[in-house]
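# Inside the fold
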Amino acid sequence: MEEKLAFRASMTRLEEIVSLLEKNDIELEEAIALFEEGLKLVNSCNTQLQGFESRVNELIQTYQKGNGDE
């Protein structure tokens, strides 16, 4: 997972990982690798969400400033 996945793709992969881990029919080594991948995806999604939130706040502020000028 070298490249940063889009948010939706990351969430889809997280769902796949959870599904695989819930089955309990994989080797421990694979489960640990999947768990590690999942943690990285969670961190990536969290960072992206924070960025989205910042962007929305910027847009709202810009809109409110522009709206007051009219």
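Throughout what follows, the structure given in this document is the object of discussion. The model shown is predicted, which means the values in this text are computed figures rather than measured ones.

## Re helix 1 (residues 7–23)
Relative to the 24 Å expected for 17 residues at 1.5 Å per residue, helix 1 spans 25 Å between its end C-alpha atoms, a close match to the ideal helical length. Where helix 1 ends, the next residue or the one after it, Asn24, has phi of about 60°, a positive value.

## Some thoughts on unusual backbone geometry
Although it is not a glycine, Asn24 adopts a positive phi angle of roughly 60°. Topologically, Asn24 is positioned in the loop between helix 1 and helix 2 (28–68). A relative accessible area of 67% means that Asn24 is categorised as exposed.

## Comments concerning the packing of aromatic side chains
Applying the stated rule across the entire model yields one aromatic pair. On the numbers, 6.0 Å between centres and 75° between planes, the contact of Phe7 with Phe52 is edge-to-face. Highlighted residues: Phe7 in helix 1 and Phe52 in helix 2, separated in sequence by 45 residues.

## Things to note about the pattern of salt bridges
Under the counting rule described, the total for this entry stands at four salt bridges. Residue Arg13 is joined to Glu37 by a salt bridge in which the shortest nitrogen-to-oxygen separation is 2.8 Å. A residue pair is termed long-range when its members are at least 10 positions apart, and Arg13 in helix 1 and Glu37 in helix 2 qualify at 24 residues. Residue class for Arg13 comes out partly exposed when judged on its relative accessible area of 22%. Note that Lys40 and Glu36 form a salt bridge whose closest N and O atoms lie 3.9 Å from each other.

## A word on the nonpolar core
Counting five residues, the largest nonpolar core is built from Leu14, Ile17, Leu34, Leu41 and Cys45. When residues of this core are assigned to their parent elements, the largest contribution, three residues, is made by helix 2. Sequence-distant contacts of Leu34, defined by excluding residues within four places in its chain, comprise Arg13, Ile17, Leu20, Leu21 and Ile26.

Definitions and limits used
- Residues numbered from 1 in each chain as written.
- Predicted model: local features only at pLDDT ≥ 70, side-chain atom pairs only at ≥ 80, totals over all residues.
- Heavy atoms only, no water.
- Helix = DSSP H or I, 4+ residues; strand = E, 2+ residues; numbered from the N terminus.
- Expected span 1.5 Å × (residues − 1).
- Buried < 20%, exposed > 50% of the residue type's maximum accessible area, 1.4 Å probe, protein only.
- Phe/Tyr/Trp six-rings, centres within 6.5 Å; stacked < 30°, edge-to-face > 60°.
- Salt bridge = Lys/Arg side-chain N within 4 Å of Asp/Glu carboxyl O.
- Core = buried A, V, L, I, M, F, W, Y, C linked by side-chain atoms within 4.5 Å.
- Contact = heavy atoms within 4.5 Å.

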